[in-house]
Amino acid sequence: MTNTMTKSIDLKKYIRDIPDFPKKGIIFKDISPLLGNRQAFRETIDLLAEQFKNERIESIIAIEARGFIFGSALAYKLGVGFVPIRKKGKLPYKTKSITYQLEYGTDTLEMHSDAVSPKARVLIVDDVLATGGTVRAVADLLKQHGAVIVGVASLIELTFLKGKDKLKDVPLYSLIQY
Ligand code: AMP
């Protein structure tokens, strides 16, 4: 997976830091300026698509909620299906779920039980990889159901949180690192 396309604009210019949101001590990476700029948003999707265009992906697996924005545009660009991963209780049909550990307590994510066929080649998409806990849970859920995880694509990677260490079995690709 080498990327032959180079960035023509500095995408970092379109990421805004919001200190102490949603709670004290967190610097929230606000992607709204990037989404609102037609060139930055388009380039983001084009770069991600370039990276994965030859990977014979069947479905994009996107994580609620901001992962949906990038995941759906990328699915359209690659001409592949889109599968939403949602918080517990939001999906209307039969689901497969996974519960994972948060700093305080646990969280549960779900996908429709017929959304991914066994051996399907899938790409996980989210906006920010922080501790990697969320993507790890999604990867485990997909593996339990026999999918082949081609990679994880994230707009931003917070490298100081070492999320990559939790994802040694899946290739990680991020466009912006902090
Ligand atoms: P994690 O499981 O720690 O990798 O957290 C990933 C999820 O939390 C992603 O879906 C992000 O949208 C969100 N997130 C975590 N940290 C940040 C941050 N500093 N800025 C924006 N979103 C974040």
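The shown structure was predicted, so the numbers you read here are calculated from the model rather than taken from an experiment.

Parameters at a glance
- Residues numbered from 1 in each chain as written.
- Predicted model: local features only at pLDDT ≥ 70, side-chain atom pairs only at ≥ 80, totals over all residues.
- Heavy atoms only, no water.
- Phe/Tyr/Trp six-rings, centres within 6.5 Å; stacked < 30°, edge-to-face > 60°.
- Helix = DSSP H or I, 4+ residues; strand = E, 2+ residues; numbered from the N terminus.
- Buried < 20%, exposed > 50% of the residue type's maximum accessible area, 1.4 Å probe, protein only.
- Lys NZ or Arg CZ within 6 Å of the ring centre and 35° of its normal.
- Near = heavy atom within 4 Å.
- Polar contact = N/O pair within 3.5 Å; in protein donor to acceptor, adjacent residues only side chain to side chain.
- Areas by Shrake-Rupley, 256 points an atom, 1.4 Å probe, with all protein chains shown as cover.
- Nonpolar A, V, L, I, M, F, W, Y, C, P; charged D, E, K, R; others polar.
- Contact = heavy atoms within 4.5 Å.

Considering the packing of aromatic side chains
Applying the stated rule across the entire model yields four aromatic pairs. Between Phe52 and Tyr173, the ring centres sit 5.9 Å apart and the planes meet at 80°, which makes this aromatic pair edge-to-face. A residue pair is termed long-range when its members are at least 10 positions apart, and Phe52 in helix α2 (residues 38–52) and Tyr173 in strand β9 (residues 172–177) qualify at 121 residues. The exposure class assigned to Tyr173 is buried, which follows from its relative accessible area of 15%. Lys12 extends its terminal NZ or CZ atom over the ring of Tyr178, reaching a point 4.7 Å from the ring centre. Seen from the ring of Tyr178, Lys29 lies directly overhead, with NZ or CZ sitting 3.7 Å from the centre.

Thoughts on the site of the ligand
In the vicinity of the ligand lie 13 residues, with Arg66, Asp126, Thr131, Gly132 and Thr134 positioned nearest. Between Gly133 and the ligand, the recorded distance is 3.4 Å, taken from a backbone N or O atom to an oxygen atom. Bound to the protein, the ligand loses 80% of the 490 Å² it would expose on its own. Of all the elements in the fold, those that place two or more residues in the shell around the ligand are β2 (27–30), β7 (121–129) and α4 (133–144). Split into classes, the residues belonging to the shell around the ligand amount to five nonpolar, four polar and four charged.

Description of the environment of Pro33
Relative to the assigned elements, Pro33 resides in helix α1 (residues 32–36). Pro33 has contacts with Tyr14 and Arg16, leaving out every residue within four places of it along the chain.

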